[in-house]
Amino acid sequence: MGLKSTKGNMYKFVKYTWNPIKGKCLHDCSYCYMKQMNPNAYPPRLAEYELTTDLESGSSIFIGSSTDMFADNIPSEWITRVLDYCYQKNSDTEKPNTFLLQSKNPKRFLEFINHPVMKRVVFCTTIETNRFYPEIMNNAPKIEERVEAMKEIAKQGHSTMVTAEPLMQFDLDEMVSFIKRCNPKLVNIGRNSCRNIVLPEPTKEEVQQLVSELKEFTKVNVKDNALIWGE
């Protein structure tokens, strides 16, 4: 309901989360924390009451932290209404917000890339590995598709970010290449937080090597739940 202060394993630079579009995520990733919390979630819906939320001026807000609001089954008109509301609340303030949009389907970002609020957005996608594990990722777009979309977004001059969470077994050279093509200002490294779901995880040495390679061209943040890999 409205803005929620970030907590737990959220990004430290984000002050609030806000979820005007709610419901079950199309991608159905096996490790999704929301799936564990609410396995019987309703189909996606636009919560009209959220479009009266006071978006605190000068704040960083992660929009859509509980479901992927850019999944293919989300109507474009819902997304447009959310973006319009964000722009309306930012156009007359001396302290505009910064918004984080994160999706495993970033090609849909491009559908709305010319919306005026996008100048206040950091675009993020998940690259948890360079490989594709169909039994884990289920309906999520392939990694290569995510990379190509993020490359185009960065090419158009927008700020991009990559989250490698939950980081799974990867092939170093291709993993680094995929992330580099996204031209991210920041890469977040995170571990699987749903410990009852077993994933193919890399070794500590492999993670340390990945971090070292990434630091050659971008900033890297190892999230609190992955600090064990840095010890």
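Report on the accompanying structure. On a predicted model such as this, the values are computed, not experimentally measured, just so you know. (Residues numbered from 1 in each chain as written. Predicted model: local features only at pLDDT ≥ 70, side-chain atom pairs only at ≥ 80, totals over all residues. Heavy atoms only, no water.)

Once that is clear, we can look at unusual backbone geometry. The amide bond that connects Glu165 to the next residue, Pro166, takes the cis arrangement and shows omega of -5 degrees. Of note in this structure, Asn183 is not a glycine but carries a positive phi near 50 degrees. For Asn183, a relative accessible area of 48% translates into the label partly exposed. (Buried < 20%, exposed > 50% of the residue type's maximum accessible area, 1.4 Å probe, protein only.)

Note that Asn188 resides in strand β9 (residues 186-189). Only 2.9 Å separates the side chain of Asn188 from the side chain of Asn221, close enough to count as a polar contact. Not counting residues within four places of it along the chain, the set of residues in contact with Asn188 comprises Tyr11, Met161, Val162, Thr163, Ala164, Asn221 and Lys223. (Helix = DSSP H or I, 4+ residues; strand = E, 2+ residues; numbered from the N terminus. Polar contact = N/O pair within 3.5 Å; in protein donor to acceptor, adjacent residues only side chain to side chain. Contact = heavy atoms within 4.5 Å.)

Another aspect to go through is the pairing of β9. Burial along β9 is two-sided: Leu186 and Asn188 and Val187 and Ile189, pointing in opposite directions, are all buried. Relative to β9, strand β8 (residues 159-164) runs parallel, the two sharing 4 bridges. Bridge assignment links Val162 to a residue of β9, and that residue is Val187. On the question of chirality, the crossover connecting β8 to the parallel β9 by way of helix α5 (residues 172-181) is right-handed. Looking at chain direction, β9 and strand β10 (residues 219-222) are connected through 4 bridges and run parallel. In the strand pairing of β10, Ile189 is matched with Val222. Crossover handedness for the path β9 to helix α6 (residues 204-214) to β10: right-handed. (Pairing = 2+ DSSP bridges. Right-handed = clockwise from strand over helix to strand, strands pointing away.)

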